[in-house]
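Take a look at the letters that make up each chain.
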Amino acid sequence: MATDITRIARTTHAVEAAAVMKLLPSRPRLLALGEPTHGEDTLLDVRNELFRHLVEQEGYRTIAIESDCLMGLGVDAYVTGGAGTFDEVMEQGFSHGLGTSTANRELVGWAREFNADRPASDHLHLTGFDGPLEITGAASPRQSLTALHTYLASWLDADHLLPCTAATLDRLLGADDRWTEPAAMMDPSRSFGRSPEAAELQLLAADLVSLLDERTPHLIAAAGREAWDRARLYGRTATGLLRYHFWMAGTSPGRLTRLLGVRDRMMAENLLALAARGPVLAFAHNSHLQRERSSMRMGGERLEWWGAGSLVSARLGAEYGFLATALGTIRHQGVDAPPPDTVEGLLYALPGNRLLVDARRLAAALGAPLPAPRVSPWFGYFGLDPAHLAETDGLIFVKDVAQS
């Protein structure tokens, strides 16, 4: 077994783009790289190195990460030559605390430098593809909904076509803190998502999005495709947030599953929209990007849903590629050397700190029955599920993750 795995695993000091592309039948329109845990710059350094090579050697021109899609608009503006300071964009352009990461700062700096002497048509774009969501709740739909309304009112006959005025939206939205109430995640009765105002906003948002679609030729001719694309992002975000708030207020047994599904659907829609404009590199947790159904335990309950990767793969087929990342140790989080009878344990025994593995060949070499999944001693790290290898294009293994 060890000999077979040694032949399959290619030891590399740097995970090279050319080696990754050899695992794929052709260059995918959307190539996703997953991570098994968040907040570790060692893994982000691997991402940065690989993505730089793929941009320079394979022509990818969009990088999308698991961060707020609306905040990411500021990051994209900055790296494509926009105004503002580096510190401002790092503070205001990322959700989930990602702007404090040294590796993310390096990625933004490199992207702006890459674009410095290039025409706009060859710019690298860097943005987020997650919804405006945090673990404790969701943002108010105000920003996305009012931005969509403003766009339509600017280019259409507002008095005759728009279903409401800006003042009506403002009245229905009310104070933002009733949408962002942290207690609503655990107590549905504290959510505003099924109020009469929220129900009316759902209808208005759907009608505004319908109007945007109905008037596509005129709007693109009048304001340009980039502005129309952004308006579609506002529409997706507004309707997604209203749906998320609706399920936050729900009391059915499927409440948490639906919240997970709504979030990943928002992610998938954003990725598909980016991929429609050109080749995309995406980075997020393995559970969001894998082709198989995702699962996690929350409050003692096992939750299963179809993640963004499975949704995108169903739409793009062979034009979607997925590389998973697994690791050996995160000693500063209590994750020590993996048991030798797990996939991570078998790879950990091989020389080199980074391995690039043909995941399907590895699955075949392991045979049946597959090793049991590694049990993580820390809730923030998800061990590799060997059953997923056959549907994964490549596996990057990082032996030891140093403290950021």
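Quick notes on the rules
Residues numbered from 1 in each chain as written. Predicted model: local features only at pLDDT ≥ 70, side-chain atom pairs only at ≥ 80, totals over all residues. Heavy atoms only, no water. Helix = DSSP H or I, 4+ residues; strand = E, 2+ residues; numbered from the N terminus. Rg over C-alpha atoms; globule rule 2.2 N^0.38 Å. Buried < 20%, exposed > 50% of the residue type's maximum accessible area, 1.4 Å probe, protein only. Contact = heavy atoms within 4.5 Å. Axes fitted to C-alpha atoms, helices over the stretch in contact; angles between N-to-C directions. Parallel < 35°, antiparallel > 145°, perpendicular 65-115°, else oblique. Left-handed = near helix turned anticlockwise from the far one by under 90°. Nonpolar A, V, L, I, M, F, W, Y, C, P; charged D, E, K, R; others polar. Pairing = 2+ DSSP bridges. Salt bridge = Lys/Arg side-chain N within 4 Å of Asp/Glu carboxyl O. Polar contact = N/O pair within 3.5 Å; in protein donor to acceptor, adjacent residues only side chain to side chain. Core = buried A, V, L, I, M, F, W, Y, C linked by side-chain atoms within 4.5 Å. Arc of directions from axis to C-beta.

If you look the chain up in an unreviewed UniProt entry, it shows as Erythromycin esterase family protein from Streptomyces arboris.

Asker: Outline the overall build of the chain, supporting the account with residue identities and numerical values.
Answerer: Summing up its helical and strand segments, the chain has 17 helices and twelve strands in all. Relative to a compact globule of 404 residues, whose C-alpha radius of gyration would be 22 Å, the chain shows 22 Å and is just as compact. Principal-axis analysis of the C-alpha atoms places the extent of the chain at approximately 75 × 55 × 40 Å. Scored against the burial criterion, the 404 residues of the chain give a buried share of 53%. A separation threshold of at least 6 residues defines the contact pool for the chain, and within that pool the share at least 24 residues apart is 77%.

Asker: Requested: an account of the packing of helix H7 (residues 142-155) against helix H10 (residues 196-214), with residues and values cited.
Answerer: At a closest axis distance of 11 Å, the pairing of H7 and H10 adopts a crossing angle of 40°. Of the possible angle classes, the one that applies to H7 and H10 is oblique. Our pair here, H7 against H10, has a crossing hand that is left-handed. Of H10, the residues touching H7 (which contributes Leu145, Leu148, His149, Tyr151 and Leu152) are Leu201, Ala205, Leu208, Val209, Leu211 and Leu212. Here the contact of H7 with H10 is built from residues that sort into ten nonpolar, one polar and no charged.

Asker: Please provide a residue-by-residue account of the pairing of strand S9 (residues 301-305), values included.
Answerer: Relative to S9, strand S8 (residues 294-298) runs antiparallel, the two sharing five bridges. Among the inter-strand pairings, Met298 is bridged to a residue of S9, identified as Glu301. Between S8 and S9, which follow one another and run antiparallel, lie two residues, and Gly299 among them has a positive phi close to 60°.

Asker: Which residues make up the pattern of salt bridges, and what values do they have?
Answerer: The final tally for this structure, using the stated rule, is 17 salt bridges. When the shortest N-O distance is used, the salt bridge between Arg29 and Glu319 registers 3.9 Å. Here Arg29 is found in the loop between helix H2 (17-21) and strand S2 (30-35), whereas its partner Glu319 is found in the loop between helix H15 (308-316) and strand S10 (320-329), with 290 residues between them in sequence. Accessibility expressed as a relative area gives 39% for Glu319, which makes it partly exposed. Its salt-bridge partner being Asp87, residue Arg105 comes within 3.1 Å of it at the nearest N-O pair. Of this pair, Arg105 sits in helix H6 (residues 102-115) while Asp87 sits in helix H5 (residues 86-92); the two residues are 18 residues apart in sequence, bridging distant segments of the chain. We classify Arg105 as partly exposed; its relative accessible area is 31%. Relative accessible area serves as the criterion here: at 49%, Asp87 is assigned to the partly exposed category. Through salt bridges that share partners, Arg61, Arg118 and Asp122 make up one connected network.

Asker: Outline the packing of helix H11 (residues 216-223) against helix H12 (residues 225-248), supporting the account with residue identities and numerical values.
Answerer: Direction vectors running N to C along H11 and H12 enclose 125°, while the axes themselves pass 7 Å from each other. Put simply, H11 runs oblique to H12. Contacts between H11 and H12 involve Thr216, Leu219, Ile220 and Ala223 on the former and, on the latter, Arg225, Ala227 and Trp228. Of the residues belonging to the contact of H11 with H12, the class tally is five nonpolar, one polar and one charged.

Asker: Give me the lowdown on the side chain of His285, citing residues and values where you can.
Answerer: When you line up the elements, His285 lands in strand S7 (residues 280-285). A polar atom in the side chain of His285 sits 3.2 Å from the backbone oxygen of Pro36. Looking at His285, its side chain comes within polar contact range of the side chain of Ser287, at 3.0 Å. With sequence-adjacent residues up to four places away left out, His285 is seen in contact with Gly34, Glu35, Pro36, Thr37, His38, Glu66 and Phe382.

Asker: An account of the nonpolar core is requested, with residue identities and associated values reported.
Answerer: With 44 residues, the main nonpolar core has Leu54, Ile63 and Val108 as its most contacted residues. Counting residues per element, this core draws most heavily on helix H3 (residues 41-58), which supplies seven residues. Excluding residues that lie within four positions of it along the chain, Ile63 makes contacts with Phe51, Val55, Leu107, Trp110, Leu124, His125, Leu126, Thr127 and Leu281. Among the nonpolar cores identified, the runner-up in size contains 37 residues, and Ala275, Leu355, Ala359 and Leu362 belong to it.

Asker: A description of helix H17 (residues 359-366) should follow, citing residues and the corresponding values.
Answerer: Listed as buried for H17 are Ala359, Leu362, Ala363 and Leu366. Seen from one end, H17 has its buried residues packed into an arc of 100°, which puts them on one side. Backbone nitrogen of Arg360 and a side-chain oxygen of the N-cap are separated by 3.2 Å at the start of H17; the cap is Asp358.

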